[in-house]
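Chain by chain, the residues:
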Amino acid sequence: MTRPTVLVIAPMPAFPTSAGNRRRLVTTCESLVRGGFAVDLAYFAHEDQIYRRFGQHPPTDAAAMAETFQRTFRIEPGAAIPLKTRARHFGLDDWCPDEVVEFVAWYCATYPETRIVLVNYVFLSRCLAAVPAGILTLIDTHDRFADRQAQYRPFRAEPNFFYTDAAGEAEGLDRADIVLAIQAEEAAYFVGLTRARVHLLPPHFPTRRPFRAPAHLARIGFIGHGNDPNLFSIGRFIDAWSTDWTPGRPVLVIAGEICTGLGTAPRPGVELAGYVARLEDFYDRVDLVVAPMLMGSGLKMKVAEALSFGVPVIGTRIGFEGFSPSDPAHRCETVAEVKAAVLALSDDAAGLASLTEVCASLFADYNGVTHSAETALLALLRHHVGADPETEAEAPSEVPRDAIRTTALPVGILTCVTGLAGSEWDSAEHGLLVATERMSPPDAGPHAPERRRWFARPGTGPEIADAGGLPAVAVALAPEWVRTRRLPPALRAALAVKIAGVLPDWEARARIVGAGQGRIALALALPSHLVTGQHPGAAFLIASEAAVEVQLGAARPLGLAQDLPFVSQTRMDLSAVPASLVLEQADLPANDSVLLVLHDDLIGRVALPIGPHA
């Protein structure tokens, strides 16, 4: 019997599982596979875009996804997803562009045997309109989003993630047949909000190690993604923990992507371990985990994960939402209470043993609920399918090998690798990642996850076949290459010449309005969000196949009467603003030139005429 297929659509990749929403995605898919279903995963590359906009490499392991799922797809957003809104809240569909809807329509026509479509997050629910009648539709909510922005007020901060109102959330949930809630409190809320059937499905965490009670606390730990709830909460806890820390107290070890958002200044009693490739390595180092959460909805995956590794946890009531805790160590209200509970047990072997027993019982009860919820959901899905699915596991998909082509540069080597991108951006063999093609390469098929990636390294090699540099395609630059200047200046300049031929996100024609020794002032159209002072980025003046890197100075708006529009643009979400831009460490070129302006997720190309036609 053929295993019935479930299409799962998510705005985050499944691997690496470095964030709670990724763990939720993986555990839900694992439940479907245990129930005898095959899973096709479509990744809407929203998170890739957001990481680049914040100057970070997006951790996305397409190869691991291809090995795990029956088929994988990648949906590229055609415009920037808005992270802020001037309205009271986002519109329900502000984060679901046409590309997602068009993919669902294409997929359902291409794979009509698919029986179920599951969408992650209510803000992607618009795409369910493209699902033909007779296919069961589900929304995995992850979180409650109505009035979510109110959680930020005590921190005097503005959210960087989706939020809406109750009417919008209800409208989105009504688009599905079944709504999945991650914890009981939210399930009860959704029942009163939507006409859809609400099903409680907490994520299942298998026992990784038996519980072990520490005799004393030498290190306490926190591991997490760099989202706002984590940053605000652990930031407050760091302040409380380090204020009067002494060498006799436990050291707070913080790991994960959150470390990049915590700064580099040393704090007493705090160690930033950075990203860890193996969770086992982190949990081996700590005696207890803290969950001092002060905001957030959904279920705190970090708590379930720590318990699955047999490590006791102390945290706030918010940190333990969804676990039905009764022990005071799991119902703290403030970071000060979490700190006090840790210090009270730091040398209390009996107290630590008692806490560990409580945690073991809490985890057993939680997994009992997850098992019952998973069994009930799979029964619902089987009823829709109309037969018991095949439960024998299929062999993993075979990941095609990368195709590699290289070309020699005057001071280095440029390598094009076509295949599935791994989670690492540096290659020991090929060097530093420079750019990734936004769309799938020729002959790869619609929405294929394979990409062409270009790497660069200094040095020379044997006779090398010419890979043609970067063709006239849309690419996303690696922020590390743009920002960090890790490659020698001559190699960066040679790469700029190659990059100048790709499809830019915007093009303009500049007027030179001033020039002096090592300084050029331009008037041109710039994307509106770049006209706010200085931005991390890079710029190159290119003429006659030679480039020189220049320093971007201040950008300031000019009068709106200035006729300085974009010449062209491929990103329709960009608005042109007449502006002045100063180039430092730049001498006026002798001939017509091109100015290449690079800003994380944007490529701008500016014509710089010099002669009488300027």
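All figures in this text were calculated on a predicted structure; none of them were measured in a lab.

Chemist: How do you make sense of the overall build of the protein chain when you look at a structure like this?
Modeler: Each helix and strand counted, the protein chain has 13 helices and 27 strands in total. Structurally, the protein chain occupies a C-alpha span of about 80 × 65 × 55 Å along its principal axes. Relative to its full complement of 614 residues, the protein chain shows a buried share of 55%. Within the protein chain, counting contacts between residues at least 6 apart in sequence, those at least 24 apart form 71% of the total. For the protein chain, the computed accessible surface area is about 25400 Å², with 53% contributed by carbon and sulfur atoms. Within the protein chain, one finds 54 positive and 69 negative side-chain charges whose respective centroids are separated by 4 Å.

Chemist: What's the story with the layout of surface pockets in this structure? I'm lost.
Modeler: Think of a ball as big as a water molecule: rolled over the atoms, this probe shows where empty space is left. Looking at the largest pocket, its volume works out to about 1100 Å³. Taken together, 44 residues form the lining of the largest pocket, with His-225, Gly-226, Asn-227, Asp-228 and Pro-229 sitting closest to its centre. Mapped by element, the contributors of at least two residues to the lining of the largest pocket are helix H1 (20-34), helix H2 (46-53), helix H7 (228-243) and helix H9 (301-308). Across the lining of the largest pocket, the residue classes break down as 19 nonpolar, 16 polar and nine charged.

Chemist: I would appreciate a short explanation of the sheet that holds strand S27 (residues 602-608) in the present structure.
Modeler: Two strands in a sheet stick together by hydrogen bonds in their backbones, pointing the same way (parallel) or opposite ways (antiparallel). Taken in spatial order, the nine strands make up an open sheet running S20-S21-S25-S23-S22-S26-S27-S19-S24, and their pairing is mixed. Each edge of the sheet is formed by a strand with only one pairing partner; in this case those strands are strand S20 (511-516) and strand S24 (568-569). Here five bridges tie strand S22 (residues 538-543) to strand S26 (residues 593-599), and the two strands are oriented antiparallel to one another. Bridge pairing in S26 links Ala-538 to Leu-598.

Chemist: It is not clear to me how the side chain of Arg-22 should be interpreted in this structure. Could you clarify?
Modeler: In this structure, Arg-22 sits in helix H1. Here Arg-22 falls in the buried class, since its relative accessible area comes to 0%. In terms of polar contacts, Arg-22 uses its side chain to reach the side chain of Glu-47, at 2.9 Å.

Chemist: Can you walk me through the nonpolar core in this structure?
Modeler: Inside soluble globular proteins, nonpolar side chains tend to come together where they are buried. Counting 74 residues, the largest nonpolar core has Val-8, Ile-9 and Leu-138 as the members making the most contacts within it. Ranked by the residues each element gives to this core, the list is headed by helix H4 (residues 98-110), at six residues. Setting aside chain neighbours within four positions, we find Ile-9 in contact with Ala-42, Val-100, Val-104, Val-117, Leu-118, Val-119, Asn-120, Leu-124 and Cys-127. Ranked by size, the runner-up nonpolar core spans 54 residues in total, among them Phe-205, Ile-223, Leu-345 and Cys-359.

Chemist: Would you mind showing me how to read H2 here?
Modeler: Count 3.6 residues to each turn of an α-helix, and residues three or four apart come out pointing the same way. In terms of residue burial, H2 counts as a mostly covered element, since seven of its eight residues are buried. Taken residue by residue, H2 has His-46, Glu-47, Asp-48, Gln-49, Ile-50, Tyr-51 and Arg-52 as its buried positions. Against the buried residues of H2 lie H1, strand S2 (38-44), strand S3 (71-75), strand S16 (431-437), strand S18 (475-477) and helix H12 (479-484). Where H2 terminates, the next one or two residues include Gly-55, which has phi positive at roughly 75°.

Chemist: Just checking my understanding: could you explain the side chain of Asn-230 for this structure?
Modeler: Following the sequence through the fold, Asn-230 ends up in helix H7. Other than its neighbours up to four places away in sequence, Asn-230 contacts Phe-222, Gly-224, His-225, Gly-235, Ile-258, Met-293 and Lys-302.

Chemist: Explain the packing of H7 against helix H10 (residues 335-345) to me, please; I cannot follow it from the model alone.
Modeler: Helix packing geometry: the angle between the two helix axes and the distance between the axes. Relative orientation of the contacting elements H7 and H10 amounts to 55°, with a least axis distance of 9 Å. Classed by the angle they form, the pair H7 and H10 counts as oblique. By crossing handedness, the relation of H7 to H10 is classed as right-handed. Within the contact between the two elements, H7 uses Ser-233, Arg-236, Phe-237, Ala-240 and Trp-241 and H10 uses Val-335, Val-338, Lys-339, Val-342 and Leu-343. Of the residues belonging to the contact of H7 with H10, the class tally is seven nonpolar, one polar and two charged.

Rules used throughout
- Residues numbered from 1 in each chain as written.
- Predicted model: local features only at pLDDT ≥ 70, side-chain atom pairs only at ≥ 80, totals over all residues.
- Heavy atoms only, no water.
- Helix = DSSP H or I, 4+ residues; strand = E, 2+ residues; numbered from the N terminus.
- Buried < 20%, exposed > 50% of the residue type's maximum accessible area, 1.4 Å probe, protein only.
- Contact = heavy atoms within 4.5 Å.
- Areas by Shrake-Rupley, 256 points an atom, 1.4 Å probe, with all protein chains shown as cover.
- Lys, Arg positive; Asp, Glu negative; His and termini not counted.
- Charge placed at Lys NZ, Arg CZ, Asp CG, Glu CD.
- 1 Å grid on protein atoms, 1.4 Å probe; cavity = no way out; pocket = protein on both sides within 12 Å on 5 of 7 lines; lining within 4 Å.
- Points joined across faces, edges and corners; volume = space filled by probe spheres on them.
- Nonpolar A, V, L, I, M, F, W, Y, C, P; charged D, E, K, R; others polar.
- Pairing = 2+ DSSP bridges.
- Polar contact = N/O pair within 3.5 Å; in protein donor to acceptor, adjacent residues only side chain to side chain.
- Core = buried A, V, L, I, M, F, W, Y, C linked by side-chain atoms within 4.5 Å.
- Axes fitted to C-alpha atoms, helices over the stretch in contact; angles between N-to-C directions.
- Parallel < 35°, antiparallel > 145°, perpendicular 65-115°, else oblique.
- Left-handed = near helix turned anticlockwise from the far one by under 90°.

It is worth stressing that arrangement in space is one thing and function is another; only the former is reported here.
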